[in-house]
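# Descriptive analysis of the structure
The chain contents come next:
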Amino acid sequence: GGGGGGGGGRVDPARSSDPRGPRPGRTPLADPLLTAAMSRSGDPRELLKGPLIYGISHTLMALAFWLPSPHGILAIGTLCAGDGLADVVGRRLGKGNALAWNPQKSAAGSLAFFVGAGLTCRGLLAWHGVPFPATHLWLIAAASAAVESLPFLGAYDNLAVVAVPLLLSHALPA
């Protein structure tokens, strides 16, 4: 007992990172540490956009196009490695090299996207024994990085990052 507030003074780490413990009306989406880890702005409502779309896109690509299709490998590899590295590298090394058409993105992040997507997809294709022309792979990585950098996509850039490899890998001749 004691402690007041009905929580008994216990902190359930699965429910809250607040050292005072869970509070009435508090949901995991309102957890400041979780929100900071998963969003760019710190606004919990953002979690229902970019991160949710990322998860849905990843799941749909895995269900619809995984092995032995190069299409799913390219879409998932581009989304996970390209988009993931662009965010990390852009935050750390992107100061002072903003893109002219989108000051929210950086040359460092876009380059990391291109290299990360290309190398990861090349490795995944080789690992699973799925043939795909290297020139097409690097063209897809470049096109995906370019589309991801567009300013008008906002939280929906993850849909574009999945769509570009899917469309191009189907459209380019083998």
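Our structure is the block above this text.
Let us look at the structure shown here. Please read these numbers as outputs of a predicted model, since none were measured by experiment.

A contiguous nonpolar surface patch, about 260 Å² in accessible area, is contributed by L52, I56 and L60. As for its placement among the helices and strands, L52 is situated in helix α2 (residues 50-65).

This brings us to the side chain of D157. If you trace the backbone, D157 turns up in helix α6 (residues 157-171). Residue D157 is classed as buried on the basis of its relative accessible area, which comes to 4%. Those residues within four positions of D157 in sequence are excluded, and the remaining contacts are D83, K105 and E148.

At a closest axis distance of 9 Å, the pairing of helix α4 (residues 107-127) and helix α5 (residues 134-148) adopts a crossing angle of 145°. Note that α4 runs across α5; the crossing there is right-handed. On α5, the residues that touch S110, F113, F114, V115, A117, G118, L119, C121, R122 and L125 of α4 are A134, L137, W138, A141, A142, S144, A145 and E148.

Next up on the list: the nonpolar core. Core analysis: the largest hydrophobic core is formed by 12 residues, namely M61, A75, I76, L79, A86, F113, A117, A141, A145, V161, V162 and L166. Of all the secondary-structure elements, those providing two or more residues to this core are α3 (70-93), α4, α5 and α6. No other element matches the 4 residues that α3 contributes to this core. Core analysis: the second largest hydrophobic core is formed by 9 residues, C121, L125, V130 and I140 among them.

Thresholds applied
Residues numbered from 1 in each chain as written. Predicted model: local features only at pLDDT ≥ 70, side-chain atom pairs only at ≥ 80, totals over all residues. Heavy atoms only, no water. Patch = residues over 30% accessible without salt bridge, like charges linked within 9 Å, V, L, I, M, F, W, Y side chains within 5 Å. Areas by Shrake-Rupley, 256 points an atom, 1.4 Å probe, with all protein chains shown as cover. Salt bridge = Lys/Arg side-chain N within 4 Å of Asp/Glu carboxyl O. Helix = DSSP H or I, 4+ residues; strand = E, 2+ residues; numbered from the N terminus. Buried < 20%, exposed > 50% of the residue type's maximum accessible area, 1.4 Å probe, protein only. Contact = heavy atoms within 4.5 Å. Axes fitted to C-alpha atoms, helices over the stretch in contact; angles between N-to-C directions. Left-handed = near helix turned anticlockwise from the far one by under 90°. Core = buried A, V, L, I, M, F, W, Y, C linked by side-chain atoms within 4.5 Å.

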